[in-house]
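Structure assessment
Given next are the chains, with one letter for each unit.
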Amino acid sequence: MVTFQPFDQERVMSKWENVVKYNLAESGVHPATVRDFIDDPAVIDDLLATELNYVQANGIIELREQIAALYPDASPDNVLVTVGCAEANYLAIQTLLAPGDEMVMMLPNYMQIWGIANNLGVQVKGFHLREEEGWAPDLDQLADVVSGQTKLIAVCNPNNPTGHILTEAEMQAVVEAADKVGAWLLADEVYAGAERLSDEQTPSFWGRYERVLANNSLSKAYGLPGLRIGWVVGPPDTVDDIWARHEYTTIGTTMLANKLAAIALSPQVRPRIIKRTRDYIRRGFPILDGWLESHEGLFDLVPPQAAAIAFARYHLRINSTELAERLMHDKSVLIVPGDHFGMDHHLRISYGLQPDYLRAGLERIRELLVELQG
């Protein structure tokens, strides 16, 4: 029997994110309110008249139409609505892989897929983003680790935790690696739309190869994590197979969440929400970057191209988990240790937050750093 691998990062987040005074571990921006994107009295009346019945299990047609419109040549039949991208990833692995199969995964990464695969008895191999190369992927390593037995390649673009956005050439290399052996390509694209340096959205892997699943949610680029709405976009037959497993887990998402998500993704509202997210990211990064620079020689950072998180290397003789635990217990601040990504002496710190809150949390981190240096 395979020994269960807990999801270390989410174990800590679950227990502490609503307990500490300053949560700098969140990977999205400060969450939006319903009022931020709904102000039409007629729309509000329609929501209040909603019967809280079981929703269409794969997502209401209005929502699937809005999601499909974000992907070239996609239709509602290509879309399954899930409980966040977390369920989308979980069901995709359960559908496409079996015990003993081989999977290749981009590292560092949000380690949910790694844990799901290990718990299923899948052999997981990694290819790395290289910090010394600005977090560009090691494409030679990718070519080396992909074999005739590889059933799936998993990537996260833009990347969590580094914020790196794959170039067109890098995306093409990943597609070619999958195509060479007929592997599926699972693309976690939850940070598309959360770009820091550009108003152009990060392109999807959808449409570049016939065996692609493009997974996403409203949690990161949209600042709506509490809706718990995610999705899979893929070939209709495969999406139907994933839907069948969805009926064993959650059956469906909630009716109100579906209706709110359809409004959020409408052409009239979506640009406003994306702008709000980018505003938080572009306002918060200079605050964090200036704070890192003020600790001369203590931190190194490859500036993230997207997302509301920075993955900084630190130069102290203390393990990252120990440092994060000291911050939780001594300063009531939550950050993510590099250990949760397999990279000690790094910290993932949020910056897509309200400025005063961010500054206050960083000040508490500074207090502990002074104590450690002293």
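In case you missed it, the structure is sitting above this.
So, a few notes on the structure that sits alongside this text.

Take the overall build of the protein chain next. From N to C terminus, the protein chain includes 12 helices and 14 strands. Computed over the C-alpha atoms, the radius of gyration of the protein chain is 20 Å, within 12% of the 21 Å expected from 2.2 N^0.38 for a compact globule of 374 residues. Referenced to the eigenvectors of the C-alpha coordinate spread, the extents of the protein chain come out at roughly 60 × 55 × 40 Å. Element-wise, carbon and sulfur atoms account for 50% of the exposed surface of the protein chain, whose accessible area totals about 16200 Å². Mean positive and mean negative side-chain charge positions of the protein chain (31 and 51 charges, respectively) differ by 5 Å.

So, about the packing of aromatic side chains. Inspection of every chain in the model, using the stated rule, returns 6 aromatic pairs. An angle of 55° between the planes, with centres 5.2 Å apart, marks the rings of Y22 and Y357 as tilted. Placement of Y22 in strand 1 (residues 22-23) and of Y357 in helix 12 (residues 355-373) is noted, with a sequence separation of 335 residues between them. Judged by its relative accessible area of 12%, Y22 is buried. Residue class for Y357 comes out partly exposed when judged on its relative accessible area of 28%. When the ring of F311 is compared with that of F341, the centres are 5.4 Å apart and the planes differ by 80°; the resulting orientation is edge-to-face.

Per the counting criterion, the structure on display carries 17 salt bridges. Between D279 and K275 there is a salt bridge whose closest N-O contact spans 2.8 Å. One end of the pair is D279 and the other is K275, both in helix 10 (residues 270-294) and 4 residues apart, which spans about a single turn. Three or more residues are tied together by salt bridges with common partners; here these are E195, D199, R278 and R282.

Parameters and conventions
Residues numbered from 1 in each chain as written. Predicted model: local features only at pLDDT ≥ 70, side-chain atom pairs only at ≥ 80, totals over all residues. Heavy atoms only, no water. Helix = DSSP H or I, 4+ residues; strand = E, 2+ residues; numbered from the N terminus. Rg over C-alpha atoms; globule rule 2.2 N^0.38 Å. Areas by Shrake-Rupley, 256 points an atom, 1.4 Å probe, with all protein chains shown as cover. Lys, Arg positive; Asp, Glu negative; His and termini not counted. Charge placed at Lys NZ, Arg CZ, Asp CG, Glu CD. Phe/Tyr/Trp six-rings, centres within 6.5 Å; stacked < 30°, edge-to-face > 60°. Buried < 20%, exposed > 50% of the residue type's maximum accessible area, 1.4 Å probe, protein only. Salt bridge = Lys/Arg side-chain N within 4 Å of Asp/Glu carboxyl O.

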